[in-house]
Amino acid sequence: MTVALDTGTAVARRLRDGMAGGVLSFPLTSFHDDGSLDPEGVRAHVAECVAAGPGALFPACGTGEFFSLDEDEYRTVVSLAVREADGRLPVVAGVGYGWAQALRFARIAEEAGADALLVLPHYLVAAPQEGLVRQLERIAAGTRLPLIAYQRGQVAFTADSLRRIAALPTVIGLKDGHSDLDRLQRLTLAAPEGFLFFNGAATAEIQAGAYAAVGVPAYSSAVHAFAPEIATAYFTALGAGDDKTRERLLREFYVPFVELRDRAPGYAVSLVKAAARLRGRRVGPVRAPLTDPAPGDLADLETLLTAGLDLVGAAL
(Lines give C-alpha, C1' and ligand atoms only; values in the text may rest on other atoms or scores of the structure.)
Protein backbone atom coordinates (compact mmCIF):
# COMPACT_ATOMS: atom_id res chain seq x y z
CA MET A 1 0.00 0.00 0.00
CA THR A 2 2.86 2.36 0.81
CA VAL A 3 4.41 1.77 -2.63
CA ALA A 4 1.08 2.53 -4.33
CA LEU A 5 0.67 5.69 -2.26
CA ASP A 6 4.18 6.86 -3.08
CA THR A 7 3.61 6.15 -6.78
CA GLY A 8 0.33 8.06 -6.78
CA THR A 9 1.92 11.03 -5.05
CA ALA A 10 4.78 11.13 -7.52
CA VAL A 11 2.49 10.89 -10.55
CA ALA A 12 0.17 13.54 -9.13
CA ARG A 13 3.16 15.85 -8.68
CA ARG A 14 4.29 15.28 -12.27
CA LEU A 15 0.78 15.91 -13.56
CA ARG A 16 0.43 19.08 -11.51
CA ASP A 17 3.74 20.37 -12.82
CA GLY A 18 2.77 19.45 -16.39
CA MET A 19 -0.64 21.12 -16.10
CA ALA A 20 1.04 24.36 -15.16
CA GLY A 21 2.97 24.40 -18.41
CA GLY A 22 0.66 23.01 -21.05
CA VAL A 23 -2.71 21.54 -22.00
CA LEU A 24 -3.57 17.88 -21.54
CA SER A 25 -3.20 16.18 -24.92
CA PHE A 26 -5.55 13.40 -26.07
CA PRO A 27 -4.03 11.81 -29.20
CA LEU A 28 -6.09 10.27 -31.96
CA THR A 29 -5.79 6.61 -32.87
CA SER A 30 -4.75 6.05 -36.48
CA PHE A 31 -6.58 3.56 -38.68
CA HIS A 32 -6.06 2.42 -42.25
CA ASP A 33 -8.88 2.98 -44.74
CA ASP A 34 -10.03 -0.61 -44.20
CA GLY A 35 -10.46 0.10 -40.48
CA SER A 36 -7.41 -1.80 -39.26
CA LEU A 37 -5.01 -0.19 -36.80
CA ASP A 38 -2.13 1.79 -38.32
CA PRO A 39 0.71 1.53 -35.78
CA GLU A 40 3.08 3.77 -37.72
CA GLY A 41 0.36 6.39 -37.99
CA VAL A 42 -0.20 6.13 -34.23
CA ARG A 43 3.52 6.54 -33.56
CA ALA A 44 3.88 9.52 -35.89
CA HIS A 45 0.83 11.30 -34.51
CA VAL A 46 1.85 10.77 -30.88
CA ALA A 47 5.34 12.04 -31.70
CA GLU A 48 3.79 15.23 -33.14
CA CYS A 49 1.65 15.67 -30.01
CA VAL A 50 4.66 15.23 -27.72
CA ALA A 51 6.75 17.66 -29.77
CA ALA A 52 4.05 20.33 -29.32
CA GLY A 53 4.74 20.43 -25.58
CA PRO A 54 1.60 19.32 -23.71
CA GLY A 55 1.46 18.86 -19.95
CA ALA A 56 0.57 15.17 -20.20
CA LEU A 57 -0.45 12.57 -22.77
CA PHE A 58 -3.76 10.64 -22.58
CA PRO A 59 -3.73 7.88 -25.25
CA ALA A 60 -6.63 5.49 -25.91
CA CYS A 61 -9.24 7.72 -24.29
CA GLY A 62 -12.44 9.15 -25.79
CA THR A 63 -10.74 11.17 -28.54
CA GLY A 64 -8.54 8.12 -29.19
CA GLU A 65 -11.62 5.92 -29.76
CA PHE A 66 -10.95 3.64 -26.79
CA PHE A 67 -14.44 2.19 -27.25
CA SER A 68 -13.40 0.84 -30.67
CA LEU A 69 -10.13 -0.86 -29.66
CA ASP A 70 -9.61 -4.51 -28.87
CA GLU A 71 -7.05 -5.47 -26.25
CA ASP A 72 -4.19 -6.11 -28.67
CA GLU A 73 -4.75 -2.77 -30.39
CA TYR A 74 -4.94 -1.06 -27.02
CA ARG A 75 -1.60 -2.58 -26.05
CA THR A 76 -0.04 -1.24 -29.24
CA VAL A 77 -1.45 2.26 -28.81
CA VAL A 78 -0.40 2.63 -25.18
CA SER A 79 3.03 1.07 -25.76
CA LEU A 80 3.74 3.46 -28.62
CA ALA A 81 2.63 6.45 -26.54
CA VAL A 82 4.93 5.42 -23.68
CA ARG A 83 7.81 4.94 -26.09
CA GLU A 84 7.34 8.33 -27.75
CA ALA A 85 6.87 10.15 -24.44
CA ASP A 86 10.12 8.55 -23.26
CA GLY A 87 9.65 9.74 -19.70
CA ARG A 88 9.41 13.41 -20.69
CA LEU A 89 5.76 13.71 -19.63
CA PRO A 90 3.19 11.52 -17.86
CA VAL A 91 1.22 8.99 -19.91
CA VAL A 92 -2.33 8.36 -18.67
CA ALA A 93 -4.14 5.56 -20.51
CA GLY A 94 -7.90 5.20 -20.71
CA VAL A 95 -9.75 2.21 -19.22
CA GLY A 96 -13.46 1.59 -19.07
CA TYR A 97 -16.61 -0.57 -19.34
CA GLY A 98 -17.35 -2.49 -16.12
CA TRP A 99 -14.67 -2.89 -13.46
CA ALA A 100 -13.74 -6.41 -14.56
CA GLN A 101 -13.04 -5.34 -18.14
CA ALA A 102 -11.43 -2.11 -16.97
CA LEU A 103 -8.92 -4.20 -15.02
CA ARG A 104 -8.04 -6.23 -18.12
CA PHE A 105 -7.08 -2.98 -19.85
CA ALA A 106 -5.39 -1.71 -16.67
CA ARG A 107 -3.06 -4.73 -16.61
CA ILE A 108 -2.15 -4.12 -20.24
CA ALA A 109 -1.45 -0.46 -19.50
CA GLU A 110 0.75 -1.45 -16.54
CA GLU A 111 2.76 -3.82 -18.73
CA ALA A 112 3.07 -1.13 -21.42
CA GLY A 113 4.55 1.32 -18.92
CA ALA A 114 1.72 3.83 -18.47
CA ASP A 115 2.02 6.15 -15.48
CA ALA A 116 -1.68 6.31 -14.57
CA LEU A 117 -5.19 5.48 -15.76
CA LEU A 118 -8.21 7.60 -16.69
CA VAL A 119 -11.33 5.65 -15.66
CA LEU A 120 -13.89 6.41 -18.36
CA PRO A 121 -17.61 6.26 -17.52
CA HIS A 122 -18.91 2.70 -17.22
CA TYR A 123 -21.01 1.16 -19.93
CA LEU A 124 -24.73 1.83 -20.51
CA VAL A 125 -26.46 1.67 -17.12
CA ALA A 126 -27.21 4.37 -14.57
CA ALA A 127 -26.00 3.57 -11.07
CA PRO A 128 -26.45 4.90 -7.53
CA GLN A 129 -23.62 6.66 -5.72
CA GLU A 130 -22.73 3.51 -3.78
CA GLY A 131 -22.20 1.68 -7.06
CA LEU A 132 -20.04 4.46 -8.50
CA VAL A 133 -17.82 4.33 -5.44
CA ARG A 134 -17.59 0.53 -5.49
CA GLN A 135 -16.60 0.64 -9.16
CA LEU A 136 -13.58 2.81 -8.30
CA GLU A 137 -12.79 0.67 -5.25
CA ARG A 138 -12.72 -2.49 -7.39
CA ILE A 139 -10.45 -0.96 -9.99
CA ALA A 140 -8.16 0.58 -7.38
CA ALA A 141 -7.84 -2.81 -5.66
CA GLY A 142 -6.79 -4.51 -8.88
CA THR A 143 -4.05 -2.22 -10.21
CA ARG A 144 -1.02 -0.50 -8.79
CA LEU A 145 -1.44 2.47 -11.18
CA PRO A 146 -2.87 5.77 -9.93
CA LEU A 147 -6.41 6.50 -11.09
CA ILE A 148 -8.21 9.60 -12.33
CA ALA A 149 -11.99 9.25 -12.25
CA TYR A 150 -13.96 10.75 -15.14
CA GLN A 151 -17.46 12.01 -14.43
CA ARG A 152 -19.57 12.44 -17.52
CA GLY A 153 -22.86 11.08 -18.82
CA GLN A 154 -24.28 8.67 -16.24
CA VAL A 155 -21.39 9.25 -13.80
CA ALA A 156 -21.72 12.24 -11.47
CA PHE A 157 -20.27 12.14 -7.97
CA THR A 158 -21.71 13.84 -4.92
CA ALA A 159 -19.39 15.56 -2.46
CA ASP A 160 -19.71 12.61 -0.08
CA SER A 161 -18.79 10.12 -2.81
CA LEU A 162 -15.87 12.31 -3.85
CA ARG A 163 -14.54 12.19 -0.29
CA ARG A 164 -14.78 8.41 -0.35
CA ILE A 165 -12.98 7.87 -3.64
CA ALA A 166 -10.38 10.52 -2.80
CA ALA A 167 -9.61 8.54 0.37
CA LEU A 168 -8.50 5.59 -1.78
CA PRO A 169 -4.68 5.72 -1.80
CA THR A 170 -4.33 5.53 -5.60
CA VAL A 171 -7.19 7.80 -6.70
CA ILE A 172 -5.43 11.08 -7.42
CA GLY A 173 -7.90 13.16 -9.38
CA LEU A 174 -11.19 13.79 -11.14
CA LYS A 175 -11.87 14.84 -14.71
CA ASP A 176 -15.20 16.65 -15.08
CA GLY A 177 -17.28 16.61 -18.25
CA HIS A 178 -20.59 17.85 -16.86
CA SER A 179 -19.80 21.58 -16.70
CA ASP A 180 -22.08 21.92 -13.68
CA LEU A 181 -20.01 24.55 -11.89
CA ASP A 182 -22.18 24.54 -8.77
CA ARG A 183 -21.57 20.80 -8.32
CA LEU A 184 -17.92 21.14 -9.28
CA GLN A 185 -17.31 23.87 -6.72
CA ARG A 186 -18.80 21.63 -4.04
CA LEU A 187 -16.48 18.82 -5.12
CA THR A 188 -13.35 20.98 -5.06
CA LEU A 189 -14.24 22.13 -1.55
CA ALA A 190 -14.82 18.54 -0.40
CA ALA A 191 -11.57 17.19 -1.85
CA PRO A 192 -8.40 16.76 0.21
CA GLU A 193 -5.45 19.04 -0.38
CA GLY A 194 -3.48 18.07 -3.47
CA PHE A 195 -6.34 16.24 -5.20
CA LEU A 196 -6.27 17.00 -8.93
CA PHE A 197 -9.16 18.36 -10.98
CA PHE A 198 -9.36 18.60 -14.77
CA ASN A 199 -11.79 20.39 -17.08
CA GLY A 200 -12.93 17.66 -19.48
CA ALA A 201 -15.79 19.48 -21.18
CA ALA A 202 -16.12 18.97 -24.92
CA THR A 203 -13.93 21.65 -26.53
CA ALA A 204 -12.84 22.59 -23.04
CA GLU A 205 -11.39 25.96 -24.02
CA ILE A 206 -14.93 27.35 -24.32
CA GLN A 207 -15.41 26.97 -20.58
CA ALA A 208 -11.80 27.19 -19.40
CA GLY A 209 -12.26 30.63 -17.89
CA ALA A 210 -15.33 29.56 -15.91
CA TYR A 211 -13.62 26.39 -14.67
CA ALA A 212 -10.57 28.37 -13.60
CA ALA A 213 -12.82 30.63 -11.55
CA VAL A 214 -13.85 27.66 -9.37
CA GLY A 215 -10.27 26.47 -8.97
CA VAL A 216 -9.93 24.12 -11.95
CA PRO A 217 -7.52 25.74 -14.44
CA ALA A 218 -6.25 22.51 -16.06
CA TYR A 219 -8.07 21.21 -19.12
CA SER A 220 -7.97 18.68 -21.91
CA SER A 221 -7.67 19.97 -25.47
CA ALA A 222 -8.94 18.08 -28.50
CA VAL A 223 -7.75 21.00 -30.63
CA HIS A 224 -4.18 20.17 -29.58
CA ALA A 225 -4.48 16.97 -31.65
CA PHE A 226 -4.76 18.92 -34.92
CA ALA A 227 -3.81 22.54 -34.23
CA PRO A 228 -1.37 22.74 -31.31
CA GLU A 229 -0.51 26.26 -32.42
CA ILE A 230 -4.07 27.41 -31.64
CA ALA A 231 -4.31 25.35 -28.45
CA THR A 232 -1.01 26.71 -27.17
CA ALA A 233 -1.91 30.30 -28.03
CA TYR A 234 -5.15 29.99 -26.09
CA PHE A 235 -3.45 28.34 -23.10
CA THR A 236 -0.82 31.08 -23.03
CA ALA A 237 -3.42 33.85 -23.24
CA LEU A 238 -5.49 32.28 -20.47
CA GLY A 239 -2.49 31.97 -18.17
CA ALA A 240 -1.31 35.51 -18.88
CA GLY A 241 -4.73 37.09 -18.37
CA ASP A 242 -4.69 38.23 -22.00
CA ASP A 243 -8.45 38.46 -22.38
CA LYS A 244 -8.26 40.24 -25.74
CA THR A 245 -6.40 37.36 -27.42
CA ARG A 246 -8.40 34.70 -25.61
CA GLU A 247 -11.75 36.23 -26.54
CA ARG A 248 -10.67 36.67 -30.17
CA LEU A 249 -9.73 32.99 -30.37
CA LEU A 250 -13.03 32.04 -28.78
CA ARG A 251 -15.08 34.28 -31.04
CA GLU A 252 -13.34 33.53 -34.33
CA PHE A 253 -12.32 29.90 -33.91
CA TYR A 254 -13.57 27.97 -30.88
CA VAL A 255 -17.23 29.00 -30.91
CA PRO A 256 -17.61 28.37 -34.68
CA PHE A 257 -15.83 25.03 -34.19
CA VAL A 258 -18.32 24.03 -31.47
CA GLU A 259 -21.23 25.05 -33.70
CA LEU A 260 -19.79 22.86 -36.45
CA ARG A 261 -19.19 20.04 -33.98
CA ASP A 262 -22.83 20.14 -32.91
CA ARG A 263 -24.14 19.45 -36.40
CA ALA A 264 -23.96 15.68 -36.01
CA PRO A 265 -23.44 13.10 -33.25
CA GLY A 266 -19.85 11.92 -32.99
CA TYR A 267 -18.34 15.02 -34.57
CA ALA A 268 -16.45 15.66 -31.31
CA VAL A 269 -14.08 12.94 -32.54
CA SER A 270 -14.60 12.74 -36.30
CA LEU A 271 -14.15 16.50 -36.87
CA VAL A 272 -10.88 16.37 -34.92
CA LYS A 273 -9.66 13.50 -37.08
CA ALA A 274 -10.76 15.24 -40.25
CA ALA A 275 -8.93 18.41 -39.21
CA ALA A 276 -5.78 16.39 -38.54
CA ARG A 277 -6.04 14.84 -42.02
CA LEU A 278 -6.43 18.31 -43.53
CA ARG A 279 -3.04 19.12 -41.99
CA GLY A 280 -1.45 16.04 -43.51
CA ARG A 281 -1.51 13.93 -40.35
CA ARG A 282 -1.60 10.16 -40.82
CA VAL A 283 -4.63 9.40 -38.66
CA GLY A 284 -7.06 7.83 -41.13
CA PRO A 285 -10.84 7.60 -40.74
CA VAL A 286 -12.95 7.04 -37.65
CA ARG A 287 -14.33 3.60 -36.91
CA ALA A 288 -18.03 2.81 -36.88
CA PRO A 289 -20.32 3.68 -35.23
CA LEU A 290 -18.71 7.09 -35.81
CA THR A 291 -18.75 8.51 -39.33
CA ASP A 292 -16.47 10.96 -41.08
CA PRO A 293 -17.85 14.48 -41.72
CA ALA A 294 -20.18 15.13 -44.63
CA PRO A 295 -18.55 16.92 -47.62
CA GLY A 296 -20.18 20.26 -46.85
CA ASP A 297 -19.12 20.10 -43.22
CA LEU A 298 -15.61 19.16 -44.25
CA ALA A 299 -15.42 22.21 -46.50
CA ASP A 300 -16.60 24.44 -43.66
CA LEU A 301 -14.03 22.83 -41.37
CA GLU A 302 -11.21 23.58 -43.80
CA THR A 303 -12.28 27.23 -44.06
CA LEU A 304 -12.49 27.57 -40.28
CA LEU A 305 -9.20 25.79 -39.65
CA THR A 306 -7.40 28.00 -42.16
CA ALA A 307 -8.80 31.11 -40.50
CA GLY A 308 -7.94 29.84 -37.01
CA LEU A 309 -4.37 29.08 -37.92
CA ASP A 310 -4.05 32.50 -39.52
CA LEU A 311 -5.03 34.05 -36.18
CA VAL A 312 -1.90 32.59 -34.58
CA GLY A 313 0.45 33.06 -37.53
CA ALA A 314 0.37 29.44 -38.74
CA ALA A 315 -0.70 27.84 -41.99
CA LEU A 316 -2.69 24.80 -43.02
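Cut-offs applied
- Residues numbered from 1 in each chain as written.
- Predicted model: local features only at pLDDT ≥ 70, side-chain atom pairs only at ≥ 80, totals over all residues.
- Heavy atoms only, no water.
- Pairing = 2+ DSSP bridges.
- Helix = DSSP H or I, 4+ residues; strand = E, 2+ residues; numbered from the N terminus.
- Expected span 1.5 Å × (residues − 1).
- Buried < 20%, exposed > 50% of the residue type's maximum accessible area, 1.4 Å probe, protein only.
- Contact = heavy atoms within 4.5 Å.
- Salt bridge = Lys/Arg side-chain N within 4 Å of Asp/Glu carboxyl O.
- Core = buried A, V, L, I, M, F, W, Y, C linked by side-chain atoms within 4.5 Å.

Peer 1: Help me out: how do you make sense of the sheet that holds strand 2 (residues 56-57) in this one?
Peer 2: Strand order in the open sheet formed by three strands is 2-1-8, with parallel pairing between adjacent strands. Unpaired on one side and paired on the other, strand 2 and strand 8 (220-221) mark the two borders of the sheet.

Peer 1: What's the story with helix 11 (residues 267-278) in this structure? I'm lost.
Peer 2: Residue pairs spaced three or four apart in an α-helix point in one direction, given the helix's 3.6 residues per turn. A rise of 1.5 Å per residue sets the reference length of helix 11, with its twelve residues, at 16 Å; its end C-alpha atoms lie 15 Å apart and thus fit the reference within 8%. Summarising burial for helix 11: nine of the twelve residues are buried, a large majority. Those residues of helix 11 that sit buried are Tyr267, Val269, Ser270, Leu271, Val272, Lys273, Ala274, Ala275 and Ala276. Where helix 11 is buried, its residues touch helix 10 (243-261) and helix 12 (295-311).

Peer 1: Explain the pattern of salt bridges to me, please; I cannot follow it from the model alone.
Peer 2: Side-chain pairs of opposite charge can arise where the charged atoms are in close proximity. Under the definition given, this model contains 20 salt bridges. The closest approach of N and O atoms between Glu73 and Arg287, which form a salt bridge, is 2.6 Å. Here the residue Glu73 occupies a position in helix 3 (residues 71-85), and Arg287 occupies one in the loop between helix 11 and helix 12, the gap between them amounting to 214 residues. In this pair, the class of Glu73 matches that of Arg287, namely buried. A salt bridge links Glu111 to Arg75, with the shortest nitrogen-to-oxygen separation between them at 2.8 Å. One end of the pair, Glu111, is in helix 4 (residues 99-112); the other, Arg75, is in helix 3, with 36 residues separating them in the sequence. Each of Glu40, Arg43 and Glu84 takes part in one network of salt bridges that share partners.

Peer 1: Hey, could you run me through the nonpolar core in this one?
Peer 2: As a rule of thumb, nonpolar side chains are buried together in soluble globular proteins. Judged by nonpolar contacts, the single largest core of 75 residues is most densely connected at Phe58, Tyr74, Leu118 and Leu136. Excluding residues within four positions of it along the chain, Leu136 makes contact with Val119, Leu147, Ala149, Phe157, Ile165, Leu168 and Val171. Judged by nonpolar contacts, the second largest core, of 31 residues, contains Leu28, Ala225, Phe257 and Ala314.

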